[in-house]
Amino acid sequence: MLKEILNDNLDEVKGCEYAVVDFNATWCGPCKMMAPVLDDLANEYAGKVEFFGCDVDENQYLAQEYGIMSIPCLGFFKNGEQLDQSIGFKPKQVIAAWIEGHLN
Amino acid sequence: MGRYDIAVIGTGPAGLSAAITGTVRNKKVLLLGSKDLSLKVTKAHKIANYLGLPNAGGEELSAAFQKHIDEMGIEITEDKINAIYGMGDYYVLQGGENVMYEATSVILATGVVAGKPFPGEEENLGRGVSYCATCDAALYRGKNAVVIAYAPKEEPEADFLAEMADHVYYIPMYKEEPQLSEKIEIVRKKPVSMERDGSKMKLVTDDGEILTDGIFILREAISPKQLVPGLVTDGPHVAVDLQMKTNLPGCFACGDIAGTPYQYIKAAGQGNVAALSAVSYLDELKRRSK
Ligand SMILES: Cc1cc2nc3c(=O)[nH]c(=O)nc-3n(C[C@H](O)[C@H](O)[C@H](O)COP(=O)(O)OP(=O)(O)OC[C@H]3O[C@@H](n4cnc5c(N)ncnc54)[C@H](O)[C@@H]3O)c2cc1C
């Protein structure tokens, strides 16, 4: 399970060197498919990249602030700043390559 | 239902040939498509160049295909696949009415879809262009949106969107009079192209422009990119190598969807190659897990 972001509070993400935020919603089918893939990746990148879940209904301000137009959407954060977004469901290998491309 | 070794999507010559070779090689094959096989086969008048069946008619070729799969005990699961998700070492296939199938490898043999995307459509996908109103509706609270719909069955999606959005323009790409909630404004214009304009999207039509927060395009045909998120394409086709491998491990493509020429025997031949590549992939996975 990913750490849930609550009350539009992104402080914990901002404290991470590298973080991936999964913008999702309970009614979004592709988001559900993405969940086990992200759980796997969170385990594989433990200690390197932190993974967070962000429900766009619960966190409407953040969704607006980070320009979320379509979900699922992953935001890659370095030291609290969003560097890139990956939009739509992506296969595990493709997300892993996307993360690798942003490390160091 | 369990996990299949190979899921084949499409019942034209490419898919049937792939299913036959997969079965010959003792793999657990799921064949998805239509009990009528392929309209591109049955509708052909005279086929001069299919090996072994000189000047066969389309119906005749189709009957020969049917006999072949029957004799091998291959059954067709009649379903339309809407999305294929790469989960890592397996795939989840989403059928109609949200039936889910699981397979270790996937062979795409869906033929080519007519109809090109609008200029500016693919570049802005997820950034103001969406194919699923029910998925993204909630992100349009207090905003306005344009829906371009190709069939009356999309009307409930527009109604759902209108419950969230401030204003919805609806462009029917069909003749029937749409039955929609009163909040929706029906626009009889022809979309030409779309582009980003600051934080908005600009839809260019044959009769002026519409500035909007987002454009929803609801059409029946599924492009390969939409079918398999993350797949690398080459124009309307899936990019493959000579082994029919795509960029995704365990996902193969064959027949018309893999590129020109569009020919029966080439489709059947590529189906054979794709199945053998899937078999090697499965064997390799097994070796590695030992
Ligand atoms: C009128 C006509 C005449 C032709 N004459 C010749 C000829 O003389 N010689 C020749 O070599 N070629 C000819 N062709 C070309 C030939 O039809 C194609 O090259 C061939 O059918 C391609 O086979 P395929 O298996 O790749 O795809 P198709 O035959 O198009 O089969 C695709 C299958 O996939 C299924 N499908 C698609 N999407 C999904 C989905 N999402 N979920 C489940 N199932 C799906 C479809 O229902 C269909 O069964 C002709 C074509 C036409 C239209």
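Residues numbered from 1 in each chain as written. Chains lettered and ligands numbered in written order. Predicted model: local features only at pLDDT ≥ 70, side-chain atom pairs only at ≥ 80, totals over all residues. Heavy atoms only, no water.

Colleague: Run through the overall build of chain A, naming residues and quoting values.
Modeller: Looking only at helices and strands, one finds 4 helices and 5 strands in chain A. Taken from N to C terminus, the helices and strands of chain A fall in the order β-α-β-α-β-α-β-β-α. Whereas a compact globule of 104 residues would reach a radius of gyration of roughly 13 Å, chain A reaches 12 Å, a difference of no more than 12%. When the backbone C-alpha atoms are referred to their principal axes, chain A occupies close to 30 × 30 × 20 Å. Here chain A, with 104 residues, has 56% of them falling under the buried criterion. Once local pairs closer than 6 in sequence are excluded, the contacts in chain A between residues at least 24 apart make up 73%. For chain A, the computed accessible surface area is about 4,800 Å², with 47% contributed by carbon and sulfur atoms. (Helix = DSSP H or I, 4+ residues; strand = E, 2+ residues; numbered from the N terminus. Rg over C-alpha atoms; globule rule 2.2 N^0.38 Å. Buried < 20%, exposed > 50% of the residue type's maximum accessible area, 1.4 Å probe, protein only. Contact = heavy atoms within 4.5 Å. Areas by Shrake-Rupley, 256 points an atom, 1.4 Å probe, with all protein chains shown as cover.)

Colleague: Please give an account of the site of the ligand that cites residues and values.
Modeller: All names here are of chain B. Neighbouring the ligand are 26 residues, the closest being Leu37, Ser38, Ile81, Asp256 and Tyr264. At 3.0 Å from an oxygen atom of the ligand is found a main-chain nitrogen or oxygen belonging to Ala14. With respect to the ligand, the backbone of Lys40 contributes an N or O atom lying 3.4 Å from an oxygen atom. For the ligand, the accessible surface in isolation is 1,000 Å², of which the surrounding protein chains cover 77%. If you list the elements that add at least two residues to the shell around the ligand, you get helix 1 (13–24) and helix 7 (264–289). Split into classes, the residues belonging to the shell around the ligand amount to 11 nonpolar, 10 polar and 5 charged. (Near = heavy atom within 4 Å. Polar contact = N/O pair within 3.5 Å; in protein donor to acceptor, adjacent residues only side chain to side chain. Nonpolar A, V, L, I, M, F, W, Y, C, P; charged D, E, K, R; others polar.)

Colleague: Kindly report on unusual backbone geometry, identifying the contributing residues and their values.
Modeller: Trans is the common state for peptide bonds, and a negative phi is the common state for residues other than glycine. Residue A:Pro72 follows A:Ile71 across a cis peptide bond; omega there is 0 degrees. Inspection of the secondary structure puts A:Pro72 in the loop between helix 3 (60–65) and strand 4 (73–78). Note that the residue after B:Thr260, namely B:Pro261, is joined by a cis bond; omega there is -5 degrees. Relative to the helices and strands, B:Pro261 is located in the loop between strand 17 (251–253) and helix 7. Despite not being glycine, A:Asn7 has its phi angle at roughly 55 degrees, a positive value. By secondary structure assignment, the location of A:Asn7 is in the loop between strand 1 (3–4) and helix 1 (11–14). Overall, the relative accessible area of 70% leaves A:Asn7 in the exposed class.

Colleague: How would you summarise the domain arrangement of chain B if you had to cite specific residues and measurements?
Modeller: Its domain assignment divides chain B into domain 1 (3–113 + 222–289) and domain 2 (129–218). With centres defined by C-alpha atoms, the gap from domain 1 of chain B to domain 2 of chain B works out at 34 Å. (Domains from an automatic or database assignment.)

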